[in-house]
2 protein chains.
Amino acid sequence: MMMSNAIDIRIPDWLIELVSKSDHHYATSKARMMFAISLAQHNIDHGTGGPFGAAIFDIKTHQLIAVGVNLVVSSHCSIAHAEMIAISMAQQQLGSFDLANLSQQPGRGFELVTSCEPCAMCFGAIPWSGIKHLVCGARDEDARGIGFDEGPKMDAWRHALEQRGITVETDICRQSAIDVLQYYATHGGAIYNAGESR
Amino acid sequence: MMMSNAIDIRIPDWLIELVSKSDHHYATSKARMMFAISLAQHNIDHGTGGPFGAAIFDIKTHQLIAVGVNLVVSSHCSIAHAEMIAISMAQQQLGSFDLANLSQQPGRGFELVTSCEPCAMCFGAIPWSGIKHLVCGARDEDARGIGFDEGPKMDAWRHALEQRGITVETDICRQSAIDVLQYYATHGGAIYNAGESR
């Protein structure tokens with residue numbers, strides 16, 4: 001059997017260009033969320049994936065560290081959700097598999113801002129990532145509302161993260177996040193294998 | 001901000017070579033599991049990651065489709081668990097994000113064989129992957145026994161998969177899988193950030 005020598009998840013050119021031109025400092029939770037939501041919108045418009053965007057920021061400086069969008073279809077890879085891309089990009093850029101280890105100063109750390117509550121997989125990935133704070137836009141039910149599945153996620157997911165010292169904020173700019181989901185649904189975005197992928 | 005154009009998860013040379021030389025047909029569940037366990041052992045011996053191995057097989061022909069080992073430390077990436085690598089490799093090799101879609105014939109499909117029960121993240125990844133059958137060696141408690149954390153996984157994880165039509169076998173060659181975990185622990189394998197990564 002011939003085997004590839006790498007897992008190949010390419011970041012779209014438009015995203016690299018957008019980040020190079022972005023303001024990298026977003027002072028408020030809402031500004032950071034609106035940036036993550038804008039990534040989801042761009043991902044739809046460029047046809048590069050599903051309506052989900054995520055970004056990682058330094059909690060103290062509010063500096064943008066890494067971004068992610070859903071790349072499941074384009075990368076032939078079901079694990080390529082926006083949150084997983086953002087986590088991997090941040091870790092590889094900073095050279096560590098554990099973002100918590102990079103927080104040398106007390107109170108320092110990184111937050112994950114995602115346009116929609118994480119699915120079962122992304123929820124499970126968060127404790128391994130070393131992020132300390134999670135900010136969510138749309139709810140599970142909003143993603144389900146357009147036909148996406150959130151997977152077998154425990155009801156007490158938020159509590160489970162908080163028990164591990166990861167704080168959670170929800171419903172930040174929820175309506176704007178919903179608008180992007182619905183834009184996707186009404187503009188012919190494929191709800192690819194609802195129940196199997198997102 | 002300069003941003004990399006890809007997520008870069010390299011497969012170790014030894015693994016590519018091992019697979020090129022492997023028998024690709026494993027007739028029994030035990031043979032397939034012993035192969036997955038051997039990947040975990042090789043991963044320790046080559047110093048390329050944690051004591052976890054996984055492989056994906058065609059359920060009908062028992063042909064080996066893809067492999068994975070834990071590459072968290074070497075790839076600077078907390079999501080690079082053995083199961084995630086095997087799922088991604090299979091999907092990218094076959095050119096689809098959904099292994100279920102590739103099962104054209106009734107009763108056909110793919111199985112994931114993992115040397116240890118999946119953690120919370122890998123559990124959540126399984127429904128998105130399109131695999132139809134999961135085979136586990138060591139138990140959660142065996143991984144925890146050497147200091148690894150399994151994450152916030154629901155107690156009824158097996159039932160949750162079966163409700164989605166994914167069948168599950170556990171305790172296949174469990175003792176051999178435990179032996180590799182304990183070999184790792186006693187030979188100085190880093191239990192890197194137990195509680196944060198695996």
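Structural notes, computed from the coordinates. (Residues numbered from 1 in each chain as written. Chains lettered and ligands numbered in written order. Predicted model: local features only at pLDDT ≥ 70, side-chain atom pairs only at ≥ 80, totals over all residues.)

1. Considering the interface of chain A and chain B
Opposite the 52 residues of chain A that make contact, chain B presents 52 residues. The set of elements that each furnish at least two residues to the side of chain A that touches chain B consists of β1 (6-10), α1 (13-21), α3 (82-94) and α4 (120-129) of chain A. Residues belonging to the side of chain A that touches chain B are distributed by class as follows: 29 nonpolar, 18 polar and five charged. Across five bridges, the pairing between β1 of chain A and strand β1 (residues 6-10) of chain B is antiparallel. Pairing of Ile 9 of chain A across the sheet is with Ile 7 of chain B, part of β1 of chain B. (Contact = placed C-beta atoms within 7 Å. Helix = DSSP H or I, 4+ residues; strand = E, 2+ residues; numbered from the N terminus. Nonpolar A, V, L, I, M, F, W, Y, C, P; charged D, E, K, R; others polar. Pairing = 2+ DSSP bridges.)

2. Quick notes on helix α4 (residues 120-129) of chain B
A turn of α-helix holds 3.6 residues, and therefore any two residues three or four places apart point the same way. By the criterion of burial, α4 of chain B is predominantly enclosed, with 10 of the 10 residues buried. Of the residues making up α4 of chain B, those classed as buried are Ala 120, Met 121, Cys 122, Phe 123, Gly 124, Ala 125, Ile 126, Pro 127, Trp 128 and Ser 129 of chain B. For α4 of chain B, the elements touching its buried residues are α4 of chain A together with α3 (82-94), β4 (110-116), β5 (133-138) and α6 (157-163) of chain B. Directly beyond the C-terminal end of α4 of chain B, a positive phi value near 85° is found at Gly 130 of chain B. (Buried ≥ 20, exposed ≤ 12 C-beta atoms within 10 Å, placed from the backbone.)

3. As for the sheet that holds strand β5 (residues 133-138) of chain A
All names here are of chain A. If you walk across this open sheet you meet the five strands as β3-β2-β4-β5-β6, and the pairing is mixed. For this open sheet the edge positions go to β3 (64-69) and β6 (167-169), each flanked by a neighbour on one side alone. Neighbour-to-neighbour, the strand axes of the sheet open up by a mean angle of 15°, direction not taken into account. The pairing of strand β2 (residues 53-58) with strand β4 (residues 110-116) spans five bridges and is antiparallel. Bridged to Ala 54 within β4 is Thr 114. Strands in contact with helix α2 (residues 29-45) are β2, β3, β4, β5 and β6; relative to β2, the strand with the most contacts, it is inclined by about 145°. α3 contacts β2, β3 and β4 of the sheet and is inclined by roughly 145° relative to β3. (Axes fitted to C-alpha atoms, helices over the stretch in contact; angles between N-to-C directions.)

4. Brief notes about the environment of Thr 167 of chain B
Residues and elements named next belong to chain B. Structurally, the position occupied by Thr 167 is in strand β6 (residues 167-169). Thr 167 sits in the partly exposed class, given 14 other C-beta atoms within 10 Å. Separated by 35 residues in the primary sequence, Thr 167 and Lys 132 place their C-alpha atoms 6.5 Å from one another. Sequence-distant contacts of Thr 167, that is, excluding residues within four places in its chain, are made with His 133 and Glu 162.

5. Some remarks on the sheet that holds β6 of chain B
All names here are of chain B. Strand order in this open sheet of five strands is β3-β2-β4-β5-β6, and the pairing throughout is mixed. The open sheet has two free edges, formed respectively by β3 (64-69) and β6, since each of these has just one partner strand. The average undirected angle you get between the axes of adjacent strands in this sheet is 15°. Relative to β3, strand β2 (residues 53-58) is paired through five bridges, and the arrangement is antiparallel. Bridging from a neighbouring strand, Gly 53 pairs with Val 69 of β3. This element, α3, spans β2, β3 and β4 of the sheet and lies at about 145° to β3.

6. Some words on the packing of α2 of chain A against helix α7 (residues 174-186) of chain A
Residue and element names in this part refer to chain A. Two numbers describe how α2 lies on α7: the axes approach to 10 Å, and their chain directions differ by 5°. The angle between α2 and α7 falls in the class roughly parallel. Where α2 abuts α7, its residues Met 34, Ile 37, Ala 40, Gln 41 and Ile 44 lie against Ser 176, Ala 177, Val 180, Tyr 183 and Tyr 184. For the contact of α2 with α7, a count of residues per class yields eight nonpolar, two polar and no charged. (Parallel < 35°, antiparallel > 145°, perpendicular 65-115°, else oblique.)

7. Details of the relation of the copies chain A and chain B
Aligned on chain B, chain A shows an RMSD of 0.0 Å; the corresponding rotation is 180° and the shift along the axis is 0.0 Å. As the rotation angle and translation indicate, the two copies are arranged about a two-fold axis. Closest approach to the rotation axis within chain A is made by the C-alpha atom of Met 121 of chain A, at a distance of 2.3 Å. Most of the interface of chain A is mirrored in chain B, where 100% of its interface residues again form contacts. (Least-squares fit on C-alpha atoms with pLDDT ≥ 70 in both.)

8. Remarks on the pairing of β3 of chain A
Where burial is concerned, most of β3 of chain A is hidden: six out of the six residues are buried. Between β2 of chain A and the antiparallel strand that follows it, β3 of chain A, lie five residues; His 62 of chain A among them carries a positive phi value of about 65°.

9. So, unusual backbone geometry
All names here are of chain B. At His 62, a position not held by glycine, the phi torsion is positive, near 60°. You can see His 62 is positioned in the loop between β2 and β3. His 62 sits in the partly exposed class, given 16 other C-beta atoms within 10 Å. At Cys 173, a residue that is not glycine, the phi angle is positive and equals roughly 55°. You can see Cys 173 is positioned in the loop between β6 and α7 (174-186).

10. Focus on the packing of α3 of chain A against α4 of chain A
The axes of two packed helices give the description: the angle between them and the distance between them. All names here are of chain A. Here α3 crosses α4 at 15°, and the two axes come no closer than 10 Å. With respect to each other, α3 and α4 are oriented roughly parallel. Two packed elements cross with a definite hand, and for α3 against α4 that hand is left-handed. From α3, Glu 83, Met 84 and Ile 87 reach across to α4, where they touch Cys 122, Ala 125 and Ser 129. (Left-handed = near helix turned anticlockwise from the far one by under 90°.)

11. A word on the environment of Gly 53 of chain A
Residue and element names in this part refer to chain A. You can see Gly 53 is positioned in strand β2. Looking at Gly 53, the number of C-beta atoms within 10 Å reads 33, which means it is buried. Sequence-wise, Gly 53 and Pro 127 are 74 residues apart; in three dimensions their C-alpha atoms are separated by 19 Å. Excluding residues that lie within four positions of it along the chain, Gly 53 makes contacts with Ala 36, Ile 37, Leu 39, Ala 40, Asn 43, Val 69, Ala 82 and Ser 115.

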